[in-house]
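Coordinate analysis (summary)
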Amino acid sequence: AGPPPVTRYNLNNVTITNDPVGNRENVLVLTPMARFYQEYWDNLLKLSYPHELITLGFILPKTKEGNAATIELQKQIAKIQKHGLEKERFKSIIILRQDFDPPIPSQDESERHKMANQKARRAAMAKARNSLLFTTLGPDTSWVLWLDADIIETPPTLIQDLASHSKPLTVPNCFQRFYNAEKKAMDERPYDFNNWQDSPTAQELASKMGKDDILLEGYADMATYRALMAYMYEAGADIHTEVPLDGVGGTALLVKAEVHRDGAMFPAFPFYHLIETEGFAKMAKRLGWQATGLPNYKVYHYNE
Ligand code: GDP
Ligand code: MN
């Protein structure tokens, strides 16, 4: 036998449309995962986008927690891919282990969100996302759905709904359910403050910063007066209302694969004083791709 045949892909034939199911478009679902949550997995399995068109990609740190999460993830994958119903099975699944150490060992919500920890933590997350993206993006990928491992509740039609907007970057509004002790009832609050529209104040702050300094959102010490999508939710309003965004979070984020192919990634370095997902939105914009937020379309983050 001679050398193996060459596989040719014509990128012009990889469609990216507002009817991805009808056009049989491949979706890459990418999840950086420090912890395994059963609720995340159950929600993922409930996504109604044809699983045979979905490739899953994971990256996990080589920490004790990351090892435990990898074992649990592999167990759940085996259940579906080996023993699940045909329609439950995904096209393929890739698991990567991170080749660098996380900058801070603790993963508690309060520790994670300390301002002093942000730059190193967000830079490490950017590296993890880039490794995952560049080792999994295929010639037949139409869409990339970034979905954090602690997103535990979304509509089953998440992919179709976000794709129906046919925008380069589309972000739903990430909330968190919690027990409201005052009301003595379950309640919900905004969670992801990285989806925002820029402000003159933030621009002014940035202009006075050192070249390696970064702007952060959601910290009282650094009032940016950006318009946060988290606060744009209107009860009962159209879930498909669109707002333009300058910064995005990565909790749930649908990206046309051509945006990543164009070179838009997650800067692990200050890029216009922004890093990781917020830097990604900026880089995409510099390449001509505008981010869109859906303030009334909710997904939910786990509550530690
Ligand atoms: P937060 O919700 O903004 O506080 O951010 P998280 O800590 O939840 O991190 C975002 C996503 O990255 C989640 O899916 C985490 O499981 C995952 N994650 C957090 N730290 C690491 C890490 O060191 N390596 C990898 N590969 N994933 C991580
Ligand atoms: Mn999270």
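Refer to the structure printed above.
In what follows, the accompanying structure is described. These numbers come from a predicted model, not from an experiment. (Residues numbered from 1 in each chain as written. Chains lettered and ligands numbered in written order. Predicted model: local features only at pLDDT ≥ 70, side-chain atom pairs only at ≥ 80, totals over all residues. Heavy atoms only, no water.)

1. Side note on the site of ligand 1
Our working rule: Whether a residue is near a molecule or strand depends on its heavy atoms: if one lies within 4 Å, it is near. The definition of a polar contact used here is a pair of N or O atoms within 3.5 Å, where within protein one atom must be able to donate a hydrogen and the other to accept one, and adjacent residues in sequence count solely through side-chain atom pairs. What sets the accessible areas is the Shrake-Rupley method with a 1.4 Å probe; for residues, cover comes only from the shown protein chains. Secondary structure counts use DSSP, requiring at least four H or I residues in a row for a helix and at least two E residues in a row for a strand, with both numbered from the N terminus.
Taken together, the neighbourhood of ligand 1 is formed by 18 residues, with Pro32, Gln98, Arg112, His113 and Asp150 sitting nearest. Interatomic distance of 3.2 Å between a side-chain N/O atom of histidine 301 and an oxygen atom of ligand 1. Against a free-state accessible area of 570 Å², the protein chains account for coverage of 90% of ligand 1. At the level of secondary structure, the elements contributing two or more residues to the shell around ligand 1 comprise strand 2 (54-60) and helix 4 (115-136).

2. Structural notes on the packing of aromatic side chains
Definition in use: Pairs were defined over the aromatic rings of Phe, Tyr and Trp, the Trp ring being its six-membered one, requiring ring centres within 6.5 Å. Orientation was assigned from the angle between planes: stacked under 30 degrees, edge-to-face over 60, tilted for the rest. We call a residue buried when its accessible area falls under 20% of the maximum for its residue type, exposed when it is over 50%, and partly exposed in between, using a 1.4 Å probe and counting protein chains only. Working rule: Lys NZ or Arg CZ, within 6 Å of ring centre, within 35 degrees of ring normal, means a charge sits over the ring.
Scanning the entire structure with this criterion turns up seven aromatic pairs. For the ring pair phenylalanine 36 and tryptophan 41, a centre distance of 6.4 Å and an interplane angle of 45° mean the geometry is tilted. We note that phenylalanine 36, like tryptophan 41, is buried. Taken together, a centroid distance of 4.9 Å and an interplanar angle of 75° make the contact between phenylalanine 271 and tyrosine 272 edge-to-face. You can call phenylalanine 271 buried: its relative accessible area is 17%. Taken together, the aromatic side chains of Trp146, Phe266 and Phe280 make up a single cluster linked through ring pairs. The lysine or arginine in question, lysine 282, covers the ring of tyrosine 272, its NZ or CZ lying 4.8 Å from the ring centre.

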